[in-house]
Amino acid sequence: MKRKVAKVGKLRLSPNEETVLLKEEYERRRKLRLQQVREQQKYIALQIRQKVKQRREEQLHQLEEALRAEWQKAQDEKMKALEKLYLSTLRAIGEGHRQAKENEPDLEALAKQAE
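Keep in mind that this is a model prediction, so the values were computed, not measured.

Draft legend 1. Looking closely at a nonpolar patch on the surface. A surface patch of nonpolar side chains, amounting to about 380 Å² of accessible area, comprises Tyr43, Ile44, Ile48 and Val52. Take Ile44: it is sitting in helix 2 (residues 15–102). Given a relative accessible area of 45%, Ile44 falls into the partly exposed group.

Right, here's the structure in full:
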């Protein structure tokens, strides 16, 4: 009797049961691997989106800096042009007074001619 009890403790699976268990384990591992791959793909896609967003922000920042520099240069040129115009206008005011003094009629010479 002892022999039978010893053999009963070591039960073996039938070939069909073993095949079913192997298939279930294979499917479980396959699903787990698919989940891992999907998670990796999501992570990689997230990284790509972040890189694209960062690159876009850098390009916008560079464009902003370039446009700001161009605008500042144009403003400086306008300021210089207006300053030149202002100074030339100031000189013209003084020049007009000098020309008016030079063109004043010589009253003494006119009086002598009239005599």
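Draft legend 2. Region of interest: the pattern of salt bridges. All told, the structure shown has four salt bridges when counted by the stated rule. Here Glu25 and Arg28 are joined by a salt bridge, their closest N and O atoms 2.7 Å apart. A residue pair is termed a helical-turn pair when its members lie 3 or 4 positions apart in one helix, as Glu25 and Arg28 do in helix 2 at three residues. According to the relative accessible area criterion, Glu25 is partly exposed, its value standing at 29%. In this structure, Arg68 and Glu64 form a salt bridge, with 2.9 Å as the shortest nitrogen-oxygen distance. Linking Arg68 with Glu64, this pair stays in helix 2, spanning four residues, or about one helical turn. Look at Arg68 and you get partly exposed, because its relative accessible area is 49%. Here the salt bridges share partners, and the residues they tie into one network are Glu25, Arg28 and Arg29.

About the cut-offs
- Residues numbered from 1 in each chain as written.
- Predicted model: local features only at pLDDT ≥ 70, side-chain atom pairs only at ≥ 80, totals over all residues.
- Heavy atoms only, no water.
- Patch = residues over 30% accessible without salt bridge, like charges linked within 9 Å, V, L, I, M, F, W, Y side chains within 5 Å.
- Areas by Shrake-Rupley, 256 points an atom, 1.4 Å probe, with all protein chains shown as cover.
- Salt bridge = Lys/Arg side-chain N within 4 Å of Asp/Glu carboxyl O.
- Helix = DSSP H or I, 4+ residues; strand = E, 2+ residues; numbered from the N terminus.
- Buried < 20%, exposed > 50% of the residue type's maximum accessible area, 1.4 Å probe, protein only.

These figures capture arrangement, not role.
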